[in-house]
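Residues per chain, in single letters:
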Amino acid sequence: MNPFSSGTRLTDMIRAIRACKTAAEERAVVRKESASIRAAVNDNDNDYRHRNLAKLMFIHMLGYPTHFGQMECLKLIAAPGFPEKRIGYLGLMLLLDERQEVLMLVTNSLKQDLNHTNQYIVGLALCALGNISSAEMARDLAPEVERLLQFRDPNIRKKAALCSIRIVKKVPDLAENFVNPVASLLKEKHHGVLLTAVQLCTELCNLNEEALEYFRKKCTEGLVKILKDVVNSPYAPEYDVSGIADPFLHIRLLRCLRVLGHGDADASDAMNDILAQVATKTESNKNAGNAILYECVETIMSIEDSSGLRALAINILGRFLSNRDNNIRYVALNMLMRAVSIDDQAVQRHRVTILECVKDSDASIRKRALELVYLLVNENNVKTLTTELIDYLQVSDQDFKGDLTAKICSIVEKLSPDKIWYIDQMLKVLSEAGNHVKDEVWHALIVVITNAPDLHGYTVRSLYREIQTSVDQETLVRVAVWCVGEYGDMLVNNIGMLDIEEPITVTENDAVDVVEIAIKRHTSDLTTRAMCLIALLKLSSRFPSCSQRIKDIVTQTKGSLLLELQQRSIEFDSIIEKHQNIRSALVERMPVLDEATYSVKRAGSISAAASTSHGPTLNLPNGVAKTTAAPLLDLLDLGPDEPAPPTSSAPNFLQDLLDVGASPSPSQSGTTQAQKSGTDVLLDLLSIGSPPQNGSSAFTDILPLSQDNKTSVSPLDSLSSSIGPSVQPSSSALNSPIMDLLDGFTSSTPAPKDNSPTYPPIVAFESSSLKLTLNFSKKPASPNTTEVEANFINKSSDVYTDFIFQAAVPKFLQLHLEPASSNTLPGNGSGSITQKLRVTNSQHGKKSIVMRIRISYKLNNKDMLEEGQISNFPRDL
């Protein structure tokens, strides 16, 4: 016989395929066998049709195409005998799915087989319908399936119930037809029928509110009685699993009761006793028992229940945490995270066990336990839990330190009882895992330090102690360098000593050593070295005796390959050597930073996307988009709100640290800032004031005159910060047209006049429920930058919550979004939301502004989304 003829047995073909040593040999065998089967199909070979289809199914399971054999399935299904139908239906379920058009041809055969006198053929048809039924087939054959729910044989009733689940999922409108048959099936004694009936009941409750109310009134007590009988049933070998009677029926009943009891107090009361019985009587030393207990806990947490039963459920989860099986502990932690919002006190009793899970060897359990601990922390236990977590931080794996550090920092920021505790804990984290701390965390720490004047000395001394042993932690080095630069005199003179401190002796050279070691470390990055340079500039004023040493350190950086460090070192060296008369005013101590303002900026920056000129821009919800090109741009979020112009090549560290140049002082409100000239080196260095105009000197512009007495004030005074004495310039400096502060560079760019153009507002977007109006303004000094104010009005009567506005622009535009005024938009036009945008057009005069927008909000807790494109901007913007 030909080894690849249609008469070849299935086992022979399998043996031939398994004997292949390469994929090419296997493909050759399958190709020859497929050709043989295809020839038999064309010859309409009835003798071996069932055998060919069996081989096709095996070839299909290997991943080869078998579409040419689909019609053979239909021919076998139409055959009168059971063996042919069995192979035909098996092929139908394996080779076809509900999307195949061929399936329409089998509907009539299915209907005939559902009415067949042979119950085994009826069972085959029910299996096929339950697996691949489409919506059309479900509508056509639903009456036959409904009738079979009352069939005499329990196996047929069971299969009909399973088939009904498929039908009601495909066509929810048919759910009401199965309510009464299911109610009668729930009275069955046969566990197989009962199991499928409970499953069908659960699906009907999930799909149809009327069915849910019907089963709550008519079947809750019956289901409770069934569960009680199963729990108290004697040993039955046919249903016993590890000493537990039919755990599968247990679980299905508990899931059904969970659906019935959710949101209904009467139904919940009816099942309280049996749930308590299941929770106390089920053994937890077997996997089947643990599965039942888990479902019982799920049900208790979902229904309207008393606190006593919830406490019992949480105690079960506490026992799960002591189990040696990682899967059981993981599901217990998941459930406890949901239980925290329901009964926090009951979960708090298992806090010690949960903390032990944080130290588990399994990574997934560690992460889940850490998330649970984060939810458990409150004002009463924050100190205890934080101490435990920081102690574990010392011995934790490197892969886990990032997550652990983030959670500890978040806990300390949210729940710190006082600033000294906050600073102590953050310093411990920085010393143990400073390399894992995100930038916004140590920025926030510096903001807190500036707002605690009584702790400046304590903080800088604590940092000095920590950096002696943890110099490899980059973030700790940054904070220490910043504090030494700001409060180095307090470190040397032991100013602001607290009772809890031990006195230490630090000389001026010791303080400079800290910065010198940091700047010379080969692992220090650009940000750290830039901060070291600024700290050295400040220390040169605070420690005059070390000025020459500091100058030597700064000079060594002049040859740096990093342009930013090279530029700053040259500028700072010039200030130290030639301009001692203005140095003290330049390096005055930082003003107190507004914590509330920083928190708002930080919240906006977290949710903002970076707006750059290198690609399309998409701003995230109500956030301030910031460019990521500069590594230290907007350090501590103290810099100006205006983004750096596209032509700027590096961040201005001194500008960011001193917060100068953010906005003109009140005494300068009558003038506008001139555009920078390439020769304004001092102005570029300090980013303050404006170039000389109307014959005035550069020095008088850098140290602006008060409008009252025309006396010069400190640069930081120009930001309404009265810190440090005023600096009086010499008469020769005032009379000279140009002050040669940095080797004689000059500038004579006049300030432009303020002739701001006006533009009419436009309705940029309007739907049946929402209206967006845009108002425009433009500064003459920046013709390519447009300030836009977006105004959103709700035309419907509903209130929109979680309101978010997003926008995207082409590459030639830069977009900057400010935070919105609110995230709730009242109805009927009774209020509005405003949000400011700044658009910079690099092709101004050549291309107009275009923008795609997306507006999302929630209406009755349902997510809504509206999109559109704005192309009707004025052409001269």
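Parameters and conventions
Residues numbered from 1 in each chain as written. Predicted model: local features only at pLDDT ≥ 70, side-chain atom pairs only at ≥ 80, totals over all residues. Heavy atoms only, no water. Helix = DSSP H or I, 4+ residues; strand = E, 2+ residues; numbered from the N terminus. Buried < 20%, exposed > 50% of the residue type's maximum accessible area, 1.4 Å probe, protein only. Contact = heavy atoms within 4.5 Å. Areas by Shrake-Rupley, 256 points an atom, 1.4 Å probe, with all protein chains shown as cover. Pairing = 2+ DSSP bridges. Axes fitted to C-alpha atoms, helices over the stretch in contact; angles between N-to-C directions. Salt bridge = Lys/Arg side-chain N within 4 Å of Asp/Glu carboxyl O. pLDDT = per-residue confidence, 0-100. Core = buried A, V, L, I, M, F, W, Y, C linked by side-chain atoms within 4.5 Å. Parallel < 35°, antiparallel > 145°, perpendicular 65-115°, else oblique. Nonpolar A, V, L, I, M, F, W, Y, C, P; charged D, E, K, R; others polar. Expected span 1.5 Å × (residues − 1). Phe/Tyr/Trp six-rings, centres within 6.5 Å; stacked < 30°, edge-to-face > 60°. Lys NZ or Arg CZ within 6 Å of the ring centre and 35° of its normal. Polar contact = N/O pair within 3.5 Å; in protein donor to acceptor, adjacent residues only side chain to side chain. Left-handed = near helix turned anticlockwise from the far one by under 90°.

This part takes up the overall build of the chain. When its secondary structure is counted, the chain shows 37 helices and 11 strands. Out of the 877 residues belonging to the chain, those deemed buried represent 51%. Relative to all contacts within the chain whose residues are 6 or more apart in sequence, the contacts with residues 24 or more apart total 66%. Summed over its atoms, the accessible surface of the chain is roughly 40,800 Å², and 50% of this surface lies on carbon and sulfur atoms.

What follows is about unusual backbone geometry. Although it is not a glycine, asparagine 860 sits at a positive phi angle of roughly 55 degrees. Locating asparagine 860 in the fold gives a position in the loop between strand E10 (851–859) and strand E11 (862–870). One non-glycine residue, asparagine 861, lies in the positive phi region at around 65 degrees. One can find asparagine 861 in the loop between E10 and E11.

Let's shift gears to the sheet that holds strand E5 (residues 770–778). Read across the open sheet, the 5 strands follow the order E4-E5-E6-E9-E8; overall the sheet is antiparallel. Every interior strand has two partners, whereas the edge strands, strand E4 (762–766) and strand E8 (813–817), have only one. Averaged over neighbouring strand pairs, the angle between their axes works out to 25 degrees when direction is ignored. Bridge analysis of strand E6 (residues 785–794) against strand E9 (residues 832–841) gives 9 bridges, and the strand direction is antiparallel. Each bridged residue has a counterpart across the sheet, and for phenylalanine 792 the counterpart in E9 is isoleucine 833.

Attention now moves to the pattern of salt bridges. This structure, assessed with the given rule, holds 39 salt bridges. The partner of lysine 75 in a salt bridge is glutamate 72, and the shortest N-O contact between them spans 3.5 Å. Placement of both lysine 75 and glutamate 72 in helix H4 (residues 70–78) is noted, with a separation of 3 residues, approximately one turn of the helix. The exposure class of lysine 75 is partly exposed, given its relative accessible area of 37%. Across the pair arginine 338 and glutamate 298 runs a salt bridge, and its minimum N-O distance is 3.1 Å. Taken as a pair, arginine 338 in helix H18 (residues 326–339) and glutamate 298 in helix H16 (residues 287–302) lie far apart in primary sequence, 40 residues in all. Salt bridges linked by common partners bring Asp513, Glu516, Lys520 and Arg549 together as one network.

Structurally, the position occupied by threonine 475 is in helix H27 (residues 474–493). Note on threonine 475: relative accessible area 4%, which makes it buried. Taking the C-alpha atoms as reference points, threonine 475 and threonine 528, separated by 53 residues in sequence, lie 8.5 Å from one another. When near neighbours in sequence (up to four residues on either side) are disregarded, threonine 475 contacts Leu430, Gly434, Val437 and Trp442.

What follows deals with the confidence of the model for the chain. Per-residue confidence for the chain averages 81 on the pLDDT scale, and 82% of its residues sit at or above 70. Note on residues 608–753: pLDDT under 50 across the span, and 288 contacts to partners over four residues away in sequence or across chains.

In this structure, phenylalanine 803 sits in strand E7 (residues 801–809). Look at phenylalanine 803 and you get buried, because its relative accessible area is 1%. For the pair formed by phenylalanine 803 and tyrosine 857, sequence separation is 54 residues and the distance between their alpha carbons is 4.4 Å.

By size, the foremost hydrophobic cluster in this structure holds 210 residues, and its most contacted members are Leu92 and Phe215. No other element matches the 12 residues that H27 contributes to this core.

This part covers the packing of helix H14 (residues 247–261) against H16. Contact pair H14 / H16: the axes reach a minimum separation of 9 Å and the direction vectors enclose 5 degrees. The orientation of H14 relative to H16 falls into the category roughly parallel. Contact residues: Pro247, His250, Ile251, Leu254, Arg255, Leu257 and Arg258 in H14; Ala288, Ala291, Ile292, Glu295, Cys296, Glu298, Thr299 and Ser302 in H16. In the contact of H14 with H16, the residues fall into 8 nonpolar, 3 polar and 4 charged.

A few words on helix H25 (residues 439–450). The terminal C-alpha atoms of H25 lie 17 Å apart, and with 12 residues this matches the ideal 16 Å at 1.5 Å per residue to within 8%. Burial within H25 is extensive, with 10 of its 12 residues counted as buried. Along H25, the positions that sit buried rather than exposed are Val441, Trp442, His443, Ala444, Leu445, Ile446, Val447, Val448, Ile449 and Thr450.

This next bit is on the packing of aromatic side chains. Taken as a whole and judged by the stated rule, the model has 9 aromatic pairs. Ring plane angle 15 degrees and centroid distance 4.1 Å describe the contact between tyrosine 800 and tyrosine 857, whose orientation is recorded as stacked. With tyrosine 800 in the loop between E6 and E7 and tyrosine 857 in strand E10, the pair connects residues that are 57 residues apart, well separated along the chain. Of the two residues examined, tyrosine 800 and tyrosine 857, each falls in the buried class. Members of the aromatic cluster, joined through ring pairs, are Phe792, Tyr800, Phe803, Phe805 and Tyr857. When the ring centre of phenylalanine 400 is taken as reference, the NZ or CZ atom of arginine 366 above it lies at 5.0 Å. One residue, lysine 407, lies across the ring of tyrosine 374, its end atom 4.4 Å from the ring centre.

Glancing now at the pairing of E9. For E9, the buried fraction is high: 7 of the 10 residues fall into the buried class. Note: E8 against E9, 5 bridges, orientation antiparallel. Its bridge partner being in E9, leucine 817 is matched across the sheet by leucine 837.

A few words on the pairing of E4. Two strands pair when backbone bridges link them, and E4 and E5 are joined in this way by 4 bridges, in the antiparallel orientation. Bridge pairing links phenylalanine 765 to leucine 772 in E5. Connecting E4 to the antiparallel partner E5 that follows it, the hairpin turn spans 3 residues.

We now examine the environment of leucine 94. Checked against the element boundaries, leucine 94 lands in helix H5 (residues 82–95). The spatial distance from the C-alpha of leucine 94 to the C-alpha of methionine 61 is 8.7 Å, given a sequence separation of 33 residues. Excluding anything up to four places from it in sequence, leucine 94 contacts Met57, His60 and Met61.

Quick look at the side chain of serine 462 now. Mapped onto the fold, serine 462 is located in helix H26 (residues 456–469). Classification of serine 462 by relative accessible area gives buried; the value is 10%. From its side chain, serine 462 meets the backbone oxygen of tyrosine 458 in a polar contact 2.8 Å long.

The next point concerns the packing of helix H24 (residues 419–433) against H26. A pair of packed helices is captured by two measures, namely the crossing angle of their axes and the spacing between those axes. With their axes 11 Å apart at the nearest point, H24 and H26 run at an angle of 20 degrees to one another. The pairing of H24 with H26 is recorded here as roughly parallel in orientation. Between H24 and H26 lies a crossing of right-handed hand. Each of Ile420, Ile423, Asp424, Leu427 and Ser431 in H24 lies in contact with H26, whose residues at this interface are Tyr458, Thr459, Ser462, Leu463 and Glu466.

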